[in-house]
Amino acid sequence: MFVKDVTVQNQVGLHARPATFFIQKANEFKSSIWVEKDERRVNAKSLLGVLSLGIMGGATIKIIAGGADEQQAVEELVKLVDSGFAD
């Protein structure tokens, strides 16, 4: 299990377009990946799950992965969030 906290940099948070980028990136990995905010944990590969957290800009989230490529998965997703979802 590999876990890292990250603060969402973009103003709108993890909604629609940024959430889609996040899920697409999560689906590149074999590991099980979760996003946690305020003690609620959802599957990072589920658009509805991620959107249900209502993650706004400035919020701190936890990215958790378990599996063969867990560390790489978390590092890549943290990098994506840190970039503000820039193309």
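Notes on the structure in this doc start here. All chains use their own residue numbering, which begins from 1 and follows the written sequence. Only residues with pLDDT of at least 70 are given local features in this predicted model, and only at 80 or more are side-chain atom pairs given and counted; all residues enter the totals for whole chains, interfaces and linings. With hydrogens and water set aside, each side-chain value is computed from the structure's full complement of heavy atoms.

A few words now on the pairing of strand β3 (residues 40–43). On a regular strand, each side chain points to the face opposite its neighbour's, so the side chains alternate between the two faces of the sheet. When DSSP finds two or more bridges between two strands, those strands count as paired. Counting from the N terminus, the helices are the DSSP runs of H or I reaching at least four residues and the strands are the DSSP runs of E reaching at least two. Here four bridges tie strand β2 (residues 32–37) to β3, and the two strands are oriented antiparallel to one another. The partner of Val35 across the bridge, within β3, is Val42.

In this section: the nonpolar core. Inside soluble globular proteins, nonpolar side chains tend to come together where they are buried. Ranked by size, the top nonpolar core spans 26 residues in total, and within it Phe22, Ile33, Val35, Ile55, Ile61, Ile63 and Val81 carry the most contacts. Broken down by element, this core gets its largest block of residues, six residues, from helix α3 (residues 70–82). Here, residues are in contact when the closest pair of their heavy atoms is within 4.5 Å. The residues contacting Val35, other than those within four sequence positions of it, are Phe22, Arg40, Arg41, Val42, Ala44, Leu53, Ile55, Ile61 and Lys62. Grouping buried Ala, Val, Leu, Ile, Met, Phe, Trp, Tyr and Cys residues that are joined through side-chain atoms within 4.5 Å yields what is termed a nonpolar core. Whether a residue is buried, partly exposed or exposed follows from its accessible area with a 1.4 Å probe, protein chains only, as a fraction of its type maximum: under 20%, in between, or over 50%, in that order.

Let's shift gears to the pattern of salt bridges. For this document, the term salt bridge refers to a Lys or Arg side-chain nitrogen within 4 Å of an Asp or Glu carboxyl oxygen. Applying the stated criterion across every chain yields a total of seven salt bridges. Here Glu75 and Lys4 are joined by a salt bridge, their closest N and O atoms 3.1 Å apart. With Glu75 in helix α3 and Lys4 in strand β1 (residues 2–7), this residue pair connects regions lying 71 residues apart in the sequence. In this structure, Glu36 and Arg41 form a salt bridge, with 3.0 Å as the shortest nitrogen-oxygen distance. For Glu36, a relative accessible area of 15% corresponds to the buried category. Its relative accessible area of 47% is what places Arg41 among the partly exposed residues. Several salt bridges share partner residues, and in doing so they unite Lys25, Glu28, Glu76 and Lys79 into one network.

If you trace the backbone, Lys37 turns up in strand β2. Given a relative accessible area of 17%, Lys37 falls into the buried group. A polar contact of 3.3 Å, which involves the side chain of Lys37, links it to the backbone oxygen of Leu53. What qualifies as a polar contact is a pair of N or O atoms within 3.5 Å, subject to a donor-acceptor requirement within protein and to the restriction that residues adjacent in sequence count only when both atoms come from side chains.

For a helix, the expected span equals 1.5 Å multiplied by the residue count minus one. For α3, spanning 13 residues, the distance from its first C-alpha to its last is 18 Å, which sits close to the expected 18 Å at 1.5 Å a residue. Residues of α3 that are buried in the fold lie against β1, α1 (16–26), β2 and β4 (60–66). In the stretch just after α3, Gly84 is the one whose phi turns positive, near 75°.

Looking now at the sheet that holds β2. Strands sit in the order β1-β4-β2-β3 across an open sheet of four strands; the sheet is antiparallel. Either end of the sheet is taken by a strand with one partner, and the two such strands are β1 and β3. Across the sheet, the mean angle from the axis of one strand to that of its neighbour is 25°, orientation sign disregarded. Two strands pair when backbone bridges link them, and β2 and β4 are joined in this way by five bridges, in the antiparallel orientation. If you follow Val35 over to β4, its bridge partner there is Ile63. Think of each axis as a best-fit line through the C-alpha atoms, taken over the contacting stretch in the case of a helix, with angles from 0 to 180 degrees between the N-to-C directions. The sheet contacts of α3 involve β1, β2 and β4, and relative to β1 the element is tilted by about 0°.

Scope: geometric values only; no functional claims are made or implied.
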